[in-house]
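Observations on the three-dimensional arrangement
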Amino acid sequence: MELNLLILPGDGIGTEVTREAVRVLDRVAAKFNHKVNSKEALLGGIAIHKTGGPFPEETARLCVDADATLMGAVGLPEFDNWPPEKRPERGLLGIRKTMGVFANLRPVRSYPALLDSSPLKNHLVDGVDMIIVRELTGGIYYGTPRGIFGEGENEHAMNTMAYTRAEIERVTRMSFELARKRRKKVTNVDKCNVLETSQLWRKVVIEVAADYPDVELDHLLVDNCAMQLVLNPKRFDMVLTENMFGDILSDEGAVLAGSIGMLPSASIGGKMPSGAWVGLYEPVHGSAPDIAGQNKANPLGAIGSVAAMLEYSFGLMEEAAAVNAAMEKVLNSGNVTADLRPKGTPATTSEVGEAVCDAI
Ligand code: IPM
Ligand code: MN
């Protein structure tokens, strides 16, 4: 198979973890006789420095043409005081919207070798296996009106949380379809005791669920969900939620996996003419400027995102399984980065990447 990819290393540790992810991809492609054709483009802070904006037109054109896009992370401290519309993060929101990747799948699972890396007790974490499905192209991240208005006493700011029935329906269907391939259980998370957007959200979820009588559905308010995630995480299989709730809950989920450096993500949307998902793959973690350039970052979230790409964009299940198995082997070896609290000297980013390649 030919895999036509766009690579967006982005900022900070994004470039370091993406390098290892690409290395792993090349190794698995070579082993299974696939050809990788990749182009690289700019997104985020580096794009602002080189082109004046976080989401250059060329990147927009290339991501639409590619079979799949692999991204590192965006964000640089020199833009910390810039307004939202000019910041690196806006490039990420732009590419998600342009690609139309409305469902962000964030698998959270525990690995036996990492049980002690989580601050939670082993018996709570052991066996955790869920996917947080975060709606990705709507809600308060994109709603208008938005902005900071007025001056002095009259200065005020506004964001808008808005959802259409169609937006809720498509991500709900995606969750139920995926649930059928797992433990057939969807937990819908909203704030319908307060927010109208959540009331519509819950109504549409219940309507869609009628088409999936074989899948169990329950509902949690988001505040309670935040608590249940640490009290009883094994109760979750598919967690379906809107954009900002999903952003927050998935960082909490990272605690279960042992480190946010472990979490991959797949953002998928409509189908391409070939029938494959449009897909953007990125680790859940950010650009981590505090450890950037030190070869310390955990590349396994990025490498796991390669496995997700093989699975969702190319249907290459055996190849995806080979990457996941290699990751597990490296975790078991204890040759891991500092965030996973290794017993001896922590491994570097590139050592972990190389070890995964060797295990493939
Ligand atoms: C994430 C990140 C992004 C988000 C930021 C960098 C814009 O936190 O992917 O979880 O909020 O979606
Ligand atoms: Mn986030």
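Residues numbered from 1 in each chain as written. Chains lettered and ligands numbered in written order. Predicted model: local features only at pLDDT ≥ 70, side-chain atom pairs only at ≥ 80, totals over all residues. Heavy atoms only, no water.

1. A look at the site of ligand 1
Every residue near ligand 1 is listed here: E89, L92, R96, R106, R134, Y141 and D247. Contact between ligand 1 and R134: an oxygen atom at 2.8 Å from a side-chain N or O atom of the residue. In the environment of ligand 1, an oxygen atom lies 2.6 Å from a nitrogen or oxygen atom belonging to the side chain of Y141. In isolation ligand 1 exposes 320 Å². Once the protein is present, 78% of that is buried. Classifying every residue of the shell around ligand 1 by side-chain character gives 2 nonpolar, no polar and 5 charged. (Near = heavy atom within 4 Å. Polar contact = N/O pair within 3.5 Å; in protein donor to acceptor, adjacent residues only side chain to side chain. Areas by Shrake-Rupley, 256 points an atom, 1.4 Å probe, with all protein chains shown as cover. Nonpolar A, V, L, I, M, F, W, Y, C, P; charged D, E, K, R; others polar.)

2. Topic: unusual backbone geometry
Of all residues except glycine, most have a negative phi; of all peptide bonds, most are trans. Here the residue pair T144 and P145 is connected by a cis peptide bond, since its omega of 0 degrees sits within 30 degrees of zero. Take P145: it is sitting in strand β6 (residues 143-149). In this structure, N295 is a non-glycine residue whose phi angle is positive, near 60 degrees. Position of N295 relative to the elements: it lies in the loop between β12 (277-281) and α10 (300-312). (Helix = DSSP H or I, 4+ residues; strand = E, 2+ residues; numbered from the N terminus.)

3. A word on the packing of aromatic side chains
Each aromatic ring pair is described using two quantities: the centre-to-centre distance and the angle formed by the ring planes. Throughout the structure, instances matching the rule amount to 3 aromatic pairs. A cation over a ring is seen here: R109 above Y111, with NZ or CZ 4.0 Å from the ring centre. Its end group placed over the ring of W277, K271 keeps NZ or CZ at 4.6 Å from the ring centre. (Phe/Tyr/Trp six-rings, centres within 6.5 Å; stacked < 30°, edge-to-face > 60°. Lys NZ or Arg CZ within 6 Å of the ring centre and 35° of its normal.)

4. Points about the pairing of strand β10 (residues 238-241)
Two faces, one strand: in a regular strand the side chains alternate between the faces of the sheet. By the alternation rule, side chains of β10 split into M238 and L240 and V239 and T241, which are all buried. Of the pairings in the sheet, the one linking strand β5 (residues 129-135) to β10 comprises 4 bridges and is parallel in character. Following the sheet pairing, I132 is matched in β10 by V239. Sheet analysis places strand β8 (residues 185-190) next to β10, joined by 4 bridges and oriented parallel. (Buried < 20%, exposed > 50% of the residue type's maximum accessible area, 1.4 Å probe, protein only. Pairing = 2+ DSSP bridges.)

5. Considering the domain arrangement of the protein chain
For the protein chain, the assigned domains read domain 1 (1-109 + 258-360) and domain 2 (119-132 + 157-257). Look at where the C-alpha atoms of domain 1 and domain 2 centre, and you get two points 24 Å apart. Tallying the contact residues gives 18 residues for domain 1 and 18 residues for domain 2. Summed over both sides, the interface of domain 1 with domain 2 buries roughly 1,500 Å², with 65% coming from carbon and sulfur. Broken down residue by residue, the surface that domain 1 buries against domain 2 is led by F102, R106 and V108, which jointly contribute 39%. (Domains from an automatic or database assignment. Contact = heavy atoms within 4.5 Å. Buried area = accessible area lost by both parts, 1.4 Å probe.)

6. Thoughts on the nonpolar core
Residues M130, M262, Y281, L310, Y312, V323 and V356 are the most contacted members of the largest nonpolar core, which totals 87 residues. With 9 residues, α10 is the single largest residue contributor to this core. Two domains each provide a minimum of three residues to this core, namely domain 1 (1-109 + 258-360) and domain 2 (119-132 + 157-257). The next biggest cluster of nonpolar side chains, apart from the first, holds 18 residues, and it includes C63, M71, V74 and L136. (Core = buried A, V, L, I, M, F, W, Y, C linked by side-chain atoms within 4.5 Å.)

7. Notes on the pattern of salt bridges
Once the charged atoms of two side chains with opposite charge are near each other, the side chains can pair. Taken as a whole, this structure holds 17 salt bridges when the rule is applied. Here E58 and R61 are joined by a salt bridge, their closest N and O atoms 3.6 Å apart. With E58 and R61 both in helix α3 (residues 57-65), this residue pair falls 3 residues apart, about one helical turn. Since its relative accessible area comes to 48%, E58 is described here as partly exposed. Take R61: its relative accessible area is 47%, and that puts it in the partly exposed class. (Salt bridge = Lys/Arg side-chain N within 4 Å of Asp/Glu carboxyl O.)

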